[in-house]
Amino acid sequence: MINLRGLHRIIYTTELKENISCLSHDLRTPLTSIRGYLQLLSSAPDEKRAEYISALSGKALRLERLIDDFYQISLLEAGQYPFYYEKVELCSLLTEILLDNYSIFSVNGIEPQIEIPNMDIYLNADRKACIRIIQNLIFNAVTSTTNNVVIQLINIADSVQLCIKNPVASIPTEEYSKLLERFYVADVSRSNGTSGQGLYIVKKLLLMMNCTNPIIEIHDHNFMITIDFSPLLIKK
């Protein structure tokens, strides 16, 4: 007879070990880079110091984002994420987030193609959760693209969807669903320092607001992720 409690304990222990292993790897990578740049900085000529300081700043921000991601996930997994539902105007919020994150596009040499309807689209949603979802999608697109980013907010009748598309290197079909799993990233993202937390957080936040899983499609080396905010739409 199979001991289900024992089996669950084994599965949980295995997942915990894998999570700790990934967490250790993802935190160690920027820390190692920071230590390396500090050593270079200690004996760097004046003309190189600004370059090394800039690199250090980037690695520190990367580490800060990782720690914040892990904290957010711990709250989500424990069911302790504080949701506060309010009336959120999606078009202005998206515009605001894009402006706040424009430096991310600029640093990576990307001029995004943005399509936002000239109208008011209201959601009954947690504002902070919406901001986090959109920011994570932007970060994922910028760190995985091989060229450019297209951002579309589509409102048709009682449907509102956010679509973000960007060219990527080839991703096998069997990997599509895995992209929403915790710690999973395709090689192109991992090489750019992404831990795989971002899309997992997006999925968790959407599900906790009674939305569906993000839809991932890849056609002709173009990656597209679609977020359906329709369940949150305040109908006129």
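Remember, it's a predicted structure, so these values are computed and weren't measured experimentally.

Now for the pattern of salt bridges. Pairs can form between side chains of opposite charge whenever their charged atoms are close. In the structure shown here, the tally under the stated rule is 1 salt bridge. Residue E96 pairs with R127 through a salt bridge whose shortest N-O separation is 3.4 Å. A residue pair is termed long-range when its members are at least 10 positions apart, and E96 in helix α3 (residues 90-100) and R127 in helix α5 (residues 127-144) qualify at 31 residues. Judged by its relative accessible area of 29%, R127 is partly exposed.

Attention shifts here to the sheet that holds strand β7 (residues 222-228). The 5 strands are arranged β2-β4-β5-β7-β6 in an open sheet whose pairing can be described as mixed. Taken across any chain shown, the strands that pair with only one partner, and hence form the sheet edges, are β2 (113-115) and β6 (215-219). Each adjacent strand pair in this sheet contributes to an overall mean axis angle of 20 degrees, direction not counted. Judged from the 5 bridges that link them, β6 and β7 form a sheet pairing that is antiparallel. Paired with I216 across the two strands is I225, which belongs to β7.

Look at helix α7 (residues 197-208): 16 Å from first C-alpha to last across 12 residues, which is about the 16 Å you get at 1.5 Å a residue. Of all 12 residues making up α7, 9 are buried, and the element is well covered by its neighbours. For α7, the set of buried residues is Q197, G198, L199, Y200, I201, V202, K203, L205 and L206. Residues of α7 that are buried in the fold lie against α2 (46-77), α5 and β7. Note on α7: the residue one or two positions beyond its end, N210, has a positive phi of about 65 degrees.

The rules behind the values
Residues numbered from 1 in each chain as written. Predicted model: local features only at pLDDT ≥ 70, side-chain atom pairs only at ≥ 80, totals over all residues. Heavy atoms only, no water. Salt bridge = Lys/Arg side-chain N within 4 Å of Asp/Glu carboxyl O. Helix = DSSP H or I, 4+ residues; strand = E, 2+ residues; numbered from the N terminus. Buried < 20%, exposed > 50% of the residue type's maximum accessible area, 1.4 Å probe, protein only. Pairing = 2+ DSSP bridges. Axes fitted to C-alpha atoms, helices over the stretch in contact; angles between N-to-C directions. Expected span 1.5 Å × (residues − 1). Contact = heavy atoms within 4.5 Å.

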